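# Inside the fold
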Amino acid sequence: EAQVTQNPRYLITVTGKKLTVTCSQNMNHEYMSWYRQDPGLGLRQIYYSMNVEVTDKGDVPEGYKVSRKEKRNFPLILESPSPNQTSLYFCASKKTGGSEEQYFGPGTRLTVT
Amino acid sequence: GIQVEQSPPDLILQEGANSTLRCNFSDSVNNLQWFHQNPWGQLINLFYIPSGTKQNGRLSATTVATERYSLLYISSSQTTDSGVYFCAVGYNFNKFYFGSGTKLNVKP
């Protein structure tokens, strides 16, 4: 089944404790992206990657890191999480060229205390 | 970035009613999608529609790119249509901007 997977789905952590949220897709998509969703707001783009080893900032990159060492994986790293990073996080992927619709993972609900 | 405005922000319908959701955007885009976020938070692709008109069952969408808006039509609404509907636009095929959504509540 074609899908985007994220782990963990739920995470409660404390301020300053480094964490990684994994994202993987099995559709051989070149493009991957991370978003956060806060109450009453739409999704905001954190980082995106056009292909392996090519990443760039979205609208809200502060406090986050990403890497793209393999085509299928695009982990999101919070080196020193803070309470204002409490949010619902989505990973997405799409192919480049042709129909470029994004496919989203199930989301990761992160709480930083 | 691109401003995306969705209207109305909230909508309450009786089952069986029709509705139109609107998405206005502030600049030229080359990618536009409509999503439904169900009560469990899952984002479901409805339409990829940077221009033109598409239909899928009771749902249809129209994008007029030159006038910078898109419409999502829901006919004969059902309680399972409840949730939040998002419009997302893409710029340069890599940066994406979402509206704040339309929260739909369909009552039986």
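See the structure above.
Below you will find a few notes about this structure. (Residues numbered from 1 in each chain as written. Chains lettered and ligands numbered in written order. Predicted model: local features only at pLDDT ≥ 70, side-chain atom pairs only at ≥ 80, totals over all residues. Heavy atoms only, no water.)

So, on to the overall build of chain B. The number of helices and strands found in chain B is zero helices and 11 strands. Listed N to C, the secondary structure of chain B is β-β-β-β-β-β-β-β-β-β-β in terms of helices and strands. Relative to a compact globule of 108 residues, whose C-alpha radius of gyration would be 13 Å, chain B shows 13 Å and is just as compact. For chain B, the spread of C-alpha atoms along the three principal axes comes to 40 × 25 × 20 Å. For chain B, the proportion of its 108 residues judged to be buried stands at 48%. Considering only intrachain contacts with a sequence separation of at least 6, the fraction spanning at least 24 residues in chain B is 54%. Summed over its atoms, the accessible surface of chain B is roughly 5100 Å², and 47% of this surface lies on carbon and sulfur atoms. (Helix = DSSP H or I, 4+ residues; strand = E, 2+ residues; numbered from the N terminus. Rg over C-alpha atoms; globule rule 2.2 N^0.38 Å. Buried < 20%, exposed > 50% of the residue type's maximum accessible area, 1.4 Å probe, protein only. Contact = heavy atoms within 4.5 Å. Areas by Shrake-Rupley, 256 points an atom, 1.4 Å probe, with all protein chains shown as cover.)

Next up on the list: the side chain of Asn94 of chain B. Residue placement: Asn94 of chain B occurs in the loop between β9 (83-91) and β10 (95-98). Judged by its relative accessible area of 15%, Asn94 of chain B falls in the buried class. Ignoring anything within four residues of it in the chain, the contact list for Asn94 of chain B reads Tyr31, Gln45, Tyr48 and Met50 of chain A.

So, on to the sheet that holds strand β3 (residues 19-25) of chain B. All names here are of chain B. Taken in spatial order, the five strands of this open sheet run β1-β3-β8-β7-β6, and their pairing is antiparallel. Unpaired on one side and paired on the other, β1 (4-7) and β6 (52-56) mark the two borders of the sheet. Shown here is a sheet whose adjacent strand axes are inclined to one another by a mean of 15 degrees, direction ignored. Looking at chain direction, strand β7 (residues 59-64) and strand β8 (residues 69-74) are connected through six bridges and run antiparallel. Its bridge partner being in β8, Ala61 is matched across the sheet by Leu72. (Pairing = 2+ DSSP bridges. Axes fitted to C-alpha atoms, helices over the stretch in contact; angles between N-to-C directions.)

The next point concerns the interface of chain A and chain B. Residue-level contacts link 23 residues of chain A with 17 residues of chain B. With both sides pooled, the region where chain A packs onto chain B buries about 1700 Å², and carbon together with sulfur makes up 52% of that total. Where chain A touches chain B, the interface holds zero salt bridges. Along the contact surface separating chain A from chain B lie eight residue pairs in polar contact (both at pLDDT 80 or more). At the level of secondary structure, the elements contributing two or more residues to the side of chain A that touches chain B comprise β4 (31-37), β5 (43-51), β9 (87-94) and β10 (103-104) of chain A. The leading source of residues in the side of chain A that touches chain B is β5 of chain A, at four residues. Here the side of chain A that touches chain B is built from residues that sort into 10 nonpolar, eight polar and five charged. (Buried area = accessible area lost by both parts, 1.4 Å probe. Salt bridge = Lys/Arg side-chain N within 4 Å of Asp/Glu carboxyl O. Polar contact = N/O pair within 3.5 Å; in protein donor to acceptor, adjacent residues only side chain to side chain. Nonpolar A, V, L, I, M, F, W, Y, C, P; charged D, E, K, R; others polar.)

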